[in-house]
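Listed below, chain by chain, are the residues.
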Amino acid sequence: MVVASEQVPQTDGQSAKTKQKKQRQRNRPRNKRNRHEDSNLNNTPETESSATDSASAMPGDKSEKTDAVATEKTREQVMAEREAKKLAKQAKKQKNPSAATAAGVATPATTIITEVEQTTITTKLTTTTTTKAKEKLELLEKKADTAVTKTSPAPVENGKEEKSREQIKAEREAKKAAKKAGKSTVDKVEAATQQLSNLKVTENVQTPAAAKAQPPSSLEANQKKPTLSKAERRAIQEAQRAAKAQGQAAKKPQPGGKASTAAPPSKELKRESVSPAKAATSSSPSKGSTSGTPQSECRVRLFNHLVCAKGDSLFINDPLVHPSIARLGVQYAKRTVVGSNARCIAFLHALRQVVHDFETPPKKEFGRSLDAAVKHHVDHLHKCRPLAVSVSNAYKQFKNQLTQLPADTPETELKELLDHFIDTYIENQIGKAAQAISGFLQEKITDGDVLLTFACSSLIQFICEEAKRRQVSFRVIVVDSRPGCEGQEMLRRLHAYGIPCTYVLINAVGYVMPEATKVLLGAHALLANGYVMARTGTAQVALVANANNVPVLVCCETHKFSERFQTDAIVYNELSDPNQLVRGDKCQLNNWAAKGKLMPLNLNYDITPPELVNAVVTEVAILPCTSVPVILRIKPDIGY
């Protein structure tokens, strides 16, 4: 009795210590290391109490065992809740509304799936997609396996950890299999739900083994499937659709069936036209190779932005285009109308016909409706050939005039105002400007002068005829270049007027340049930075003249001044027909399209820097090239 009385306070102290340790353990974070320490601490008091006395330790051991079981059950619940939360997060990320089923099933290890739970699970699974249903089915089966196989508390923890790793691996494999698997029908969902409903979980060991046998088979079947790319899947789908259409045509040889079978190929053709690159990579590589023209393959990237000349067959009759504009577009394309002034005058005459024949739509304003119609006509001319700077400036002034038309004026009077504006523009900007430029240059041309000019310019022709009319004895050297050979037309006009001329090609310009006293050059446009845009070869003539100390004078009206900046002939230019460079059958460029990666480059204009130009003669004054921005600024104040 004395020994028993001495041992009683020791058991009370030990129980107090164990309670303090359990409180510390609960406050500490639940990681793997702390769980191992807890298990060791729980085992130590049992060994001490058994060594002291069996009679006194029996009630203490029973209480400790019950506490340990309780704590282990709570830990399992915590782990189950964590797994449920993880599944819920994954379900939210995947936008899966059926994650609640997995969280509801992740209950403590002693629970068993009932028939009511099976029915709720099947009803929820029917709303989800088939791939996600497969994943949840596998998770439910493995949860059921863990619920049945757990028997004792101590080995359950190790089994739990192993099962959790297997579940993680199974989830990863299920996700991979779901990604690899394509879309399936609703029948597979019903089959999965039937499997769930037939699933009966008991305490026997054979049913979990049978349940485990099913998921690996599905995983192996999914793993055996080869990985397919999007293009291959699309090709398979199109082949299946074509086979289905053929089967329908074989079953229904009626005209209605023919119409139905003719629809899918049209859809396929539309898809191919929308995405030719995808179709070329998937099933039809030959289509992409035949789609490109030989000219597009031969084009150099440096000149891809330049506009090529178009053939006559590309101009189709448009009912919204006036006949005068359609005729002018063909003349632009065939190079029948050449020269900045000639193109501008022809454009204004055609525009006058459009204004005369225009009728205002009902309940609409004359100015706005005419502006829209003229814009459509200008776009048509631009498709035929890029607009000259003179034509663009004339169109801008015409639009400005449309905005200034009075509102309460009859339509006939408005047309008369526009007609008067067109006549005034041609007279002032082209006619009187040429007379003013000629007047400035007549003081510079004296007896015995030798004027050298390049290609054909109507303004240079007018200046030479005016000097001949003043009975000044001079002669002209006409320099020409292929492929246009426009200098021949200049030679014909001057010779018809009785002016002595010499005709040479541009390769002989260095030979005749010492004879020249002045070089008179025309211009397609004068840019805002002082560079001269003119016929190809003008820059070479100016360079040779500068080397021989011959003054270079550029004759240009102010309506050809442009606000564009350009320092080379590649940023903006116009391409002519490359076949013009082929001289005959003996030329090496003959049949150049069949020789492979070759395309002749036929540029229309070149850029002359202001350092090679002594002065620019305009109707305002004789100015340096750097005064172009000044003229552009005061131009609206001069008036038209």
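Further up the page is the structure itself.
If you're wondering where the values come from, they're calculated on a predicted model, not measured in any experiment.

Undergrad: Would you explain the nonpolar core in this entry?
TA: Grouped burial of nonpolar side chains is what soluble globular proteins tend to show. Among the nonpolar cores identified, the biggest contains 35 residues, and Phe347, Leu348, Leu370, Phe398 and Leu418 are the most heavily contacted of them. At the level of secondary structure, the elements contributing two or more residues to this core comprise α15 (323-333), α16 (340-357), α17 (366-384), α18 (389-403) and α19 (411-442). In terms of residue count, the dominant contributor to this core is α16 (8 residues). When neighbours within four sequence positions are excluded, leucine 370 is seen to be in contact with Val355, Phe358, Phe398, Leu402 and Leu418. Of all hydrophobic cores here, the second largest spans 22 residues; its members include Ala434, Leu494, Cys555 and Val617.

Undergrad: Explanation requested: the packing of aromatic side chains in the structure shown.
TA: Remark: the centre distance and the inter-plane angle together describe each pair of aromatic rings, the angle taken between the planes. One pass over the structure, following the stated rule, counts 3 aromatic pairs. Between the aromatic rings of phenylalanine 398 and phenylalanine 421, the centroid separation amounts to 6.5 Å while the plane-to-plane angle is 45°, which identifies the pairing as tilted. One end of the pair, phenylalanine 398, is in helix α18; the other, phenylalanine 421, is in helix α19, and 23 residues separate them in sequence. Note on phenylalanine 421: relative accessible area 10%, which makes it buried. Taking 6.1 Å as the distance between ring centres and 45° as the angle between the ring planes, the aromatic pair formed by phenylalanine 421 and tyrosine 425 counts as tilted. Residue phenylalanine 421 and its partner tyrosine 425 are located together in helix α19, separated by 4 residues, close to a single helical turn. Here tyrosine 425 falls in the buried class, since its relative accessible area comes to 2%. Each residue in the set Phe398, Phe421 and Tyr425 is aromatic and connected to the rest through ring pairs, giving one cluster. Over the ring of tyrosine 332 we find arginine 343; its NZ or CZ atom is 5.3 Å from the centre of that ring. Sitting over the ring of tyrosine 572, arginine 564 keeps its end group 4.3 Å from the ring centre.

Undergrad: What is the right way to look at α16 in this model?
TA: Residues lying three or four places apart along an α-helix face the same way, a consequence of the helix completing one turn every 3.6 residues. The terminal C-alpha atoms of α16, which comprises 18 residues, lie 26 Å apart, in line with the 26 Å expected from a rise of 1.5 Å per residue. In the core, the buried residues of α16 are packed alongside α15, α17, α18, α19, α20 (458-469) and β8 (605-608).

Undergrad: Sorry if this is basic, but what is going on with the pairing of strand β7 (residues 552-555) here?
TA: Regular strands place their side chains on alternate faces of the sheet. Residue alternation in β7 divides its side chains into two sets, Val552 and Val554 and Leu553 and Cys555, and both sets are buried. Pairing analysis gives 3 bridges linking strand β4 (residues 518-521) to β7, with the strands arranged parallel. Bridge pairing links leucine 521 to valine 554 in β7. Across 3 bridges, the pairing between β7 and strand β9 (residues 615-617) is parallel. Of the residues in β9, the one forming a bridge with leucine 553 is alanine 615.

Undergrad: How do you make sense of the pairing of strand β1 (residues 449-454) when you look at a structure like this?
TA: With 6 of its 6 residues buried, β1 lies for the most part within the structure. Burial of the side chains of β1 extends over both faces: Asp449, Leu451 and Thr453 are buried on one face and Val450, Leu452 and Phe454 on the other. Here β1 runs beside strand β2 (residues 474-480); their pairing, made up of 6 bridges, is parallel. Paired with leucine 452 across the bridge in β2 is isoleucine 477. Here 3 bridges tie β1 to β4, and the two strands are oriented parallel to one another. Paired with leucine 451 across the two strands is lysine 518, which belongs to β4.

Undergrad: What am I meant to see in the side chain of serine 340 here?
TA: With respect to the secondary-structure elements, serine 340 resides in helix α16. Judged by its relative accessible area of 9%, serine 340 falls in the buried class. Once residues lying within four places of it in the same chain are set aside, the contact partners of serine 340 are Ser390, Ala523, His524 and Lys560.

Conventions we followed
- Residues numbered from 1 in each chain as written.
- Predicted model: local features only at pLDDT ≥ 70, side-chain atom pairs only at ≥ 80, totals over all residues.
- Heavy atoms only, no water.
- Core = buried A, V, L, I, M, F, W, Y, C linked by side-chain atoms within 4.5 Å.
- Buried < 20%, exposed > 50% of the residue type's maximum accessible area, 1.4 Å probe, protein only.
- Helix = DSSP H or I, 4+ residues; strand = E, 2+ residues; numbered from the N terminus.
- Contact = heavy atoms within 4.5 Å.
- Phe/Tyr/Trp six-rings, centres within 6.5 Å; stacked < 30°, edge-to-face > 60°.
- Lys NZ or Arg CZ within 6 Å of the ring centre and 35° of its normal.
- Expected span 1.5 Å × (residues − 1).
- Pairing = 2+ DSSP bridges.

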